[in-house]
Protein chains: 2
Amino acid sequence: MADLKTFRFVYGGTTLYFGPEATEKAKDHLVGKKRSLIVTGKRSAKDSGALDDVLKVLDELSIERKIYDKVRFNPTVEIVEEIVEELNSFGADSIIAIGGGSVIDSAKLAATAFAEGRKPEEYLRWIARASKHLFLVAVNLTHGTGTEVDRYAVATITRTKEKLGTAVAYPDVSIDNPKYMLTLSKSQTMFTSLDALYHSLESAVNPASNVMVRDLSRVATEKIREHLKSAIERPRDIETRYMLLYASMVAGIAIDMAGTSIIHGLEHGLSGVVPELEHGAGLAIIGPEFIKLLYSVRPTETWEVMRALDPSLRPSPDDYEKAGEALRRFQESVGFNLRLSDYGFNEQKIREAVEVSWPLYDSRRFPGLPEMSKEDVVSILRKLL
Amino acid sequence: MADLKTFRFVYGGTTLYFGPEATEKAKDHLVGKKRSLIVTGKRSAKDSGALDDVLKVLDELSIERKIYDKVRFNPTVEIVEEIVEELNSFGADSIIAIGGGSVIDSAKLAATAFAEGRKPEEYLRWIARASKHLFLVAVNLTHGTGTEVDRYAVATITRTKEKLGTAVAYPDVSIDNPKYMLTLSKSQTMFTSLDALYHSLESAVNPASNVMVRDLSRVATEKIREHLKSAIERPRDIETRYMLLYASMVAGIAIDMAGTSIIHGLEHGLSGVVPELEHGAGLAIIGPEFIKLLYSVRPTETWEVMRALDPSLRPSPDDYEKAGEALRRFQESVGFNLRLSDYGFNEQKIREAVEVSWPLYDSRRFPGLPEMSKEDVVSILRKLL
């Protein structure tokens, strides 16, 4: 540890700057821009110091800016449409997203819808295929999303409560600066890292995975196992934040290559119906039950990652119960013990969530998984109330 | 194992296709080209089947081609200049390199020198800074080079015997197809994988390394440890080749991020003076002695990778002898036991090699390494005769 080097590489369409000097080093990419719309949420951009850093860069480069700060978590297409309007009225030549997954995903969708003159919903329903976008810089404020190095964006269609994901745009430049993680609350620290953990597990188990995805996922899981507890105990420790941010970024590359799986598919339904449910919390509530299913049908792939949590696991379907237990125990060890009822879920809301998430859940099913009806899924979730 | 998936991703300036269907899947990138110069060596492009596959693609796309097949290992600037002349006289709009490091590196230098109208030597001496190059496809035929995913090229300046490396160009498209590895001889199999192993070790220990470099290097080292012996025993096993090729590619990303170290610096001198010395063999002859030095000054970083060879190592400078021994034992376990005298080295040639490699060796020294005179290095090498 203690080697908090700032480094840079190009992955996909993104030039990523990672480390404590990332913001300063990324500056050159904005040279020549005239008008930037800053997209963010209410507080974290300010609290983390990221907004000040970005404003300083914009001042130095004499770039006009306007701030749109209305993105909340689990954002809707209406928010995205508002951002598109702002881009139009401000005459922006660039967009700087400062936030976690919700902010960056909203900005990705807006940058694309703006450049192509289409509705965000068309991308979410895979009617339109994104081929260009407004120049987009992502300043990532959580160690969970991975969206700073992937093509994906997730947003909710309000009238149907569908939370949908689509491939839309890599940020042109992304900034992963561990300084900005120091102000994450205890629960944000936990939920975002658990999100990254499920990115690792699910990308590895997805039939689209490959040896590289599974190695990256294992590396990310090792770092989360090693550092999450201390980050919760010592939130202002930058070395720990550096490692968790690194884990999240690496897991982001893994999902970019292979996608997620049924746990994400189902969770998007749950937090679509109860928007107060943080994505990472939703995943961790249902994860240990559903990892058993995945382990029983793809034991080798799941084991390749989960052995980083429990080295005594074997790559055999017989170990599926043990795998669920290992995951549950790890979550408990970092203090996670929430249940669906903590977020006001009841039988009816579960049914609603399963209904809403079914298309997404179903699209992430794969050959070999046991046939499950909605009723089967409801009965698993009922145990998690 | 047995999951020989073909996958694709963008790293640096390269779109890489990896896997048994890589060649076919990369085809689209050549659409629109009219005249390709194929750069290759005498035999491996034919023996491996890669040349036939490429010619088939060119036929399908009605692309005119000319074949230049005079690249040998440890190529010279004269060879690169000849390729530039061929590009000019043929009026090429693209260059397809089919071969190992020597072929791809020659093509990188030629593609750049051609596009910028400068001499290859200017890049090798870092006088010219490369900023554009002719469209370059690399079809990689060894699991050692890493050059298919990095910016670097190495060539020898004949009159001074200097073997120099420079940052010049990422291939635009690279193809890593394990099918083409099945015809590598036993010694090629060994030497190229040992090259990849030293890419892992040296990039990790380079002060420019970072957590990602060290994780990638560890992953590559694990795969080499796990699969090299079986590849030598069962050369036609595609699963083993897939894994070794993957290790080499991952180590290539690691060197692209962090560069190599003194072992590569010194080896380029040895094979500059005795061109019959295969690069991987040269590394493996001197590696165990010099890894001790590196371990003693950067124990944590070296350990992060070397623990994949010997889990009993500790990240302590005290373990430097043990680290050298672990490396030597691993090399012996795959049948490597060559010495400098096997390649006709004597005291005088060692001195000549140290003289020639000194600038490169010296440039890869870093703070903390004990001061060593040329005489000190000669006396280490003398023990390896």
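Everything numeric in this text was worked out from a predicted model, so none of it was measured.

Where do I start with the overall build of chain A in this structure?
A tally of regular secondary structure across chain A gives 15 helices and nine strands. Taking 2.2 N^0.38 as the reference for a compact globule, 385 residues should give roughly 21 Å; the C-alpha atoms of chain A span a radius of gyration of 20 Å, in line with that estimate. In terms of overall dimensions, chain A has a C-alpha envelope of 60 × 50 × 35 Å along the principal axes. The buried share among the 385 residues of chain A stands at 64%.

Explanation requested: the pairing of strand β9 (residues 173-176) of chain B in the structure shown.
For a regular strand, side chains alternate in direction, first toward one face of the sheet and then toward the other. All names here are of chain B. Judged by which residues are buried, β9 turns out to be covered on both faces: V173 and I175 on one side and S174 and D176 on the other are all buried. Of the pairings in the sheet, the one linking strand β6 (residues 136-140) to β9 comprises four bridges and is parallel in character. Each residue of the ladder has a partner; that of V137, found in β9, is V173.

Sorry, what's going on with the packing of helix α7 (residues 186-205) of chain A against helix α9 (residues 238-258) of chain A here?
How two helices sit against one another is set out by the angle between their axes and by the gap between those axes. All names here are of chain A. The N-to-C vectors of α7 and α9 enclose an angle of 35°; their axes lie 8 Å apart at closest approach. As for how α7 packs across α9, the hand of that crossing is left-handed. Across the interface between the two elements, T189, S193, A196, H199, S200 and S203 from α7 touch R241, L244, S248, A251, A254, I255 and A258 from α9. Taken together, the residues of the contact of α7 with α9 break down into six nonpolar, six polar and one charged.

Explanation requested: the pattern of salt bridges in the structure shown.
Pairing between side chains becomes possible if they bear opposite charge and their charged atoms approach one another. According to the stated counting rule, one finds 70 salt bridges over all chains in the structure shown. Residue D59(B) pairs with R65(B) through a salt bridge whose shortest N-O separation is 2.8 Å. The exposure class assigned to D59(B) is exposed, which follows from its relative accessible area of 51%. Of the residues examined, R65(B) reaches a relative accessible area of 27% and is grouped as partly exposed. Each member of the salt-bridge network shares a partner with another, and the members are D215(A), R218(A), E222(A), K223(A), D215(B), R218(B), E222(B) and K223(B).

Honestly, the environment of P299(B) in this entry has me stumped. Any pointers?
Residue and element names in this part refer to chain B. Position of P299 relative to the elements: it lies in helix α12 (residues 299-306). P299 sits in the buried class, given a relative accessible area of 13%. In the structure, P299 is positioned 108 residues away from F191 in sequence and 26 Å away in space, judged by C-alpha atoms. Those residues in contact with P299 that lie beyond four places of it in its chain are L294, P315, S316 and P317.

How should the confidence of the model for chain A be read in this particular structure?
Low-confidence regions, as indicated by low pLDDT, have predicted coordinates that should not be scrutinised in detail. Mean pLDDT for chain A: 95, with 99% of residues reaching 70 or above. Interface confidence for the predicted complex, given as ipTM, is 0.95, next to a pTM of 0.96.

Explanation requested: the relation of the copies chain A and chain B in the structure shown.
For the pair chain A and chain B, the superposition axis carries a translation of 0.0 Å, the fit reaches an RMSD of 0.0 Å, and the rotation angle comes to 180°. In symmetry terms, the pair is related by a two-fold rotation axis. Among all C-alpha atoms of chain A, that of Y11(A) lies closest to the rotation axis, at 2.4 Å. Counting the interface residues of chain A, we find that 100% of their copies in chain B are interface residues as well, pointing to one common contact surface.

Even after reading the chapter, I still don't get the interface of chain A and chain B, so can you show me in this structure?
Interfaces are frequently sized by the accessible area removed from exposure as the parts join. Taken residue by residue, the interface counts 26 residues in chain A and 26 residues in chain B. Note on chain A versus chain B: buried area summed over both sides is about 2,100 Å², and carbon and sulfur give 58% of it. Three residues, K5(A), V211(A) and M212(A), lead the burial of chain A against chain B; their summed loss comes to 24% of the area buried on that side. Inspection of the region where chain A meets chain B yields four salt bridges. Linking D215(B) and K223(A) is a salt bridge whose minimum nitrogen-to-oxygen distance equals 3.2 Å. Remark: the boundary between chain A and chain B carries 12 residue pairs in polar contact (both at pLDDT 80 or more). Those elements giving two or more residues to the side of chain A that touches chain B turn out to be β1 (7-11), α8 (211-233) and α9 of chain A. The element best represented in the side of chain A that touches chain B is α8(A), accounting for nine residues.

Please clarify how the packing of aromatic side chains should be interpreted in this entry.
Centre-to-centre distance and the angle between the planes together describe a pair of aromatic rings. Residue and element names in this part refer to chain A. The tally for this structure, following the rule as stated, stands at 12 aromatic pairs over all chains. An angle of 80° between the planes, with centres 6.3 Å apart, marks the rings of F191 and F336 as edge-to-face. Of this pair, F191 sits in helix α7 while F336 sits in the loop between α13 (320-333) and α14 (347-363), and the two are 145 residues apart along the sequence. Aromatic rings pair up to connect F7, F9, F18, Y242 and Y246 into one cluster. If you follow R307 out to its NZ or CZ, it ends over the ring of W303, 4.6 Å from the centre.

What is the right way to look at unusual backbone geometry in this model?
Trans peptide bonds make up most of the peptide bonds, and negative phi angles are found at most residues other than glycine. Residues and elements named next belong to chain A. Although it is not a glycine, W126 sits at a positive phi angle of roughly 60°. Position of W126 among the secondary structure elements: in the loop between α6 (120-124) and β6 (136-140). For W126, a relative accessible area of 55% gives the class exposed.

Would you explain the domain arrangement of chain A in this entry?
Residue and element names in this part refer to chain A. Once the domains are mapped, chain A shows domain 1 (7-180) and domain 2 (185-382). If you look at the interface, domain 1 gives 30 residues, while domain 2 gives 32 residues. The junction of domain 1 with domain 2 conceals about 2,600 Å² of combined surface from both sides, 63% of it contributed by carbon and sulfur atoms. The three residues of domain 1 that bury the most area against domain 2 are H143, K161 and K163, which together make up 29% of that side's buried surface. At the junction of domain 1 and domain 2, the tally comes to one salt bridge. When the shortest N-O distance is used, the salt bridge between D256 and R151 registers 2.9 Å. In this assembly, domain 1 and domain 2 are joined by 10 residue pairs in polar contact (both at pLDDT 80 or more). Mapped onto the side of domain 1 that touches domain 2, the elements with two or more residues apiece are β1, β2 (14-18), β7 (152-157) and β8 (162-167).

Thresholds applied
Residues numbered from 1 in each chain as written. Chains lettered and ligands numbered in written order. Predicted model: local features only at pLDDT ≥ 70, side-chain atom pairs only at ≥ 80, totals over all residues. Heavy atoms only, no water. Helix = DSSP H or I, 4+ residues; strand = E, 2+ residues; numbered from the N terminus. Rg over C-alpha atoms; globule rule 2.2 N^0.38 Å. Buried < 20%, exposed > 50% of the residue type's maximum accessible area, 1.4 Å probe, protein only. Pairing = 2+ DSSP bridges. Axes fitted to C-alpha atoms, helices over the stretch in contact; angles between N-to-C directions. Left-handed = near helix turned anticlockwise from the far one by under 90°. Contact = heavy atoms within 4.5 Å. Nonpolar A, V, L, I, M, F, W, Y, C, P; charged D, E, K, R; others polar. Salt bridge = Lys/Arg side-chain N within 4 Å of Asp/Glu carboxyl O. pLDDT = per-residue confidence, 0-100. Least-squares fit on C-alpha atoms with pLDDT ≥ 70 in both. Buried area = accessible area lost by both parts, 1.4 Å probe. Polar contact = N/O pair within 3.5 Å; in protein donor to acceptor, adjacent residues only side chain to side chain. Phe/Tyr/Trp six-rings, centres within 6.5 Å; stacked < 30°, edge-to-face > 60°. Lys NZ or Arg CZ within 6 Å of the ring centre and 35° of its normal. Domains from an automatic or database assignment.

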